[in-house]
Amino acid sequence: MAKQKKVSPGSIAQNKKALHEYFVDTRFEAGVSLAGWEVKSLRAGKAQLTDSYVLLKDGEAWLLGSHITPLQTASTHVIADPTRTRKLLLNKRELGKLFGAVQQKGYACVALSLYWKKHLVKCEIALAKGKKEFDKRATERERDSDREIQRAIRKDAK
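Structural notes, computed from the coordinates. As the structure is a prediction and not an experimental result, all values here were calculated from the model.

### Here's the deal with the overall build of the chain
On a plain count of helices and strands, the chain comes out with 4 helices and 9 strands. Expressed as lengths along the three principal axes of its C-alpha atoms, the size of the chain is roughly 60 × 45 × 25 Å. Sorting the 158 residues of the chain into buried and exposed places 33% on the buried side. Of the roughly 10900 Å² of accessible surface on the chain, a fraction of 51% belongs to carbon and sulfur atoms. Distance from the positive charge centre (32 side chains) to the negative charge centre (18 side chains) of the chain: 5 Å.

What follows is the structure in structure tokens.
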């Protein structure tokens, strides 16, 4: 029986695919501008960040590709678009760092997770460089060897 990794109580959604596809460099915490029905759906855990990324244009950051499934009860009077672009709230210094790295150094900006911080929804975004296929295999090999070492340690402890 496989054990599932415990998710922190404030976590809403994680983009595990991004950690497989990219080398994550610098992380930022951004607020997310949401509609009322979106917040209700997030409280119910109806969010997905699998293919989402951050678009930087006109001095602003936008979250694209995230999917928030509308609740049937909350969105009866509103036409809900589950994949709409959502504005990320960052200060000018952080936006400057993001723009500089993406334009000059060839980084990509990806969304890693959505989580609660007190009563606010935050999005963890990161500057990342894409992995090549051999990098992905090396990471997988390293993870497998670490797992074998942990099994051996547990077996010796018993």
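This is not the end of the story, as more comes after the structure.
### A word on the nonpolar core
Grouped together as the largest cluster of nonpolar side chains are 29 residues, with contacts concentrated most on Leu88, Leu114 and Ile125. When residues of this core are traced back to their parent elements, those giving at least two are β1 (11-14), β2 (22-32), α2 (36-43), β4 (53-57), β5 (60-64), α3 (92-104), β8 (108-117) and β9 (120-130). Among residues more than four places away in sequence, those in contact with Ile125 are Thr26, Arg27, Phe28, Val54, Leu88, Leu90, Leu98, Cys109, Val110, Ala111 and Leu112. Counting 5 residues, the second-largest nonpolar core is a separate cluster that includes Val110, Leu112, Ala126 and Ala128.

### Overview of the state of the cysteines
Scanning the model with the defined rule gives 0 disulfides in all. Cys109 takes part in no disulfide bond, and the closest cysteine sulfur to it belongs to Cys123, at a distance of 8.9 Å. With relative accessibility at 6%, the residue Cys109 sits in the buried group.

### Some words on unusual backbone geometry
Phi is positive for Asp58, which is not a glycine, with a value near 55°. Along the polypeptide, Asp58 turns up in the loop between β4 and β5. Despite not being glycine, Lys118 shows a phi value in the positive range, around 60°.

### Some points on the pairing of β4
Only one face of β4 is buried: it carries Val54 and Leu56, and the other face, with Tyr53, Leu55 and Lys57, is open. Relative to β5, β4 is paired through 5 bridges, and the arrangement is antiparallel. Across the sheet, residue Leu56 finds its bridge partner in β5, namely Ala61. Connecting β4 to the antiparallel partner β5 that follows it, the hairpin turn spans 2 residues, and Asp58 within it adopts a positive phi of roughly 55°.

### Quick look at the pattern of salt bridges
The tally for this structure, following the rule as stated, stands at 8 salt bridges. As a salt-bridge pair, Asp51 and Lys17 come within 3.1 Å of each other at their nearest N and O atoms. Residue Asp51 is located in the loop between β3 (47-48) and β4, and its partner Lys17 is located in helix α1 (residues 16-21); the two are separated by 34 residues in the primary sequence. Its relative accessible area of 40% is what places Lys17 among the partly exposed residues. Linking Glu124 and Arg27 is a salt bridge whose minimum nitrogen-to-oxygen distance equals 3.3 Å.

### Some remarks on the packing of aromatic side chains
Scanning all chains against the criterion turns up 0 aromatic pairs. For Arg43, the ring lying beneath its charged end belongs to Trp116, and the centroid distance is 4.5 Å.

### With respect to α3
For α3, spanning 13 residues, the distance from its first C-alpha to its last is 18 Å, which sits close to the expected 18 Å at 1.5 Å a residue. Within the sequence span of α3, burial applies to Leu95, Leu98, Phe99 and Ala101. Residues of α3 that are buried in the fold lie against β2, β4, β5, β8 and β9. The first or second residue beyond α3 is Gly106, which carries a positive phi of 80°.

Reading the values: rules and limits
- Residues numbered from 1 in each chain as written.
- Predicted model: local features only at pLDDT ≥ 70, side-chain atom pairs only at ≥ 80, totals over all residues.
- Heavy atoms only, no water.
- Helix = DSSP H or I, 4+ residues; strand = E, 2+ residues; numbered from the N terminus.
- Buried < 20%, exposed > 50% of the residue type's maximum accessible area, 1.4 Å probe, protein only.
- Areas by Shrake-Rupley, 256 points an atom, 1.4 Å probe, with all protein chains shown as cover.
- Lys, Arg positive; Asp, Glu negative; His and termini not counted.
- Charge placed at Lys NZ, Arg CZ, Asp CG, Glu CD.
- Core = buried A, V, L, I, M, F, W, Y, C linked by side-chain atoms within 4.5 Å.
- Contact = heavy atoms within 4.5 Å.
- Disulfide = S-S within 2.5 Å.
- Pairing = 2+ DSSP bridges.
- Salt bridge = Lys/Arg side-chain N within 4 Å of Asp/Glu carboxyl O.
- Phe/Tyr/Trp six-rings, centres within 6.5 Å; stacked < 30°, edge-to-face > 60°.
- Lys NZ or Arg CZ within 6 Å of the ring centre and 35° of its normal.
- Expected span 1.5 Å × (residues − 1).

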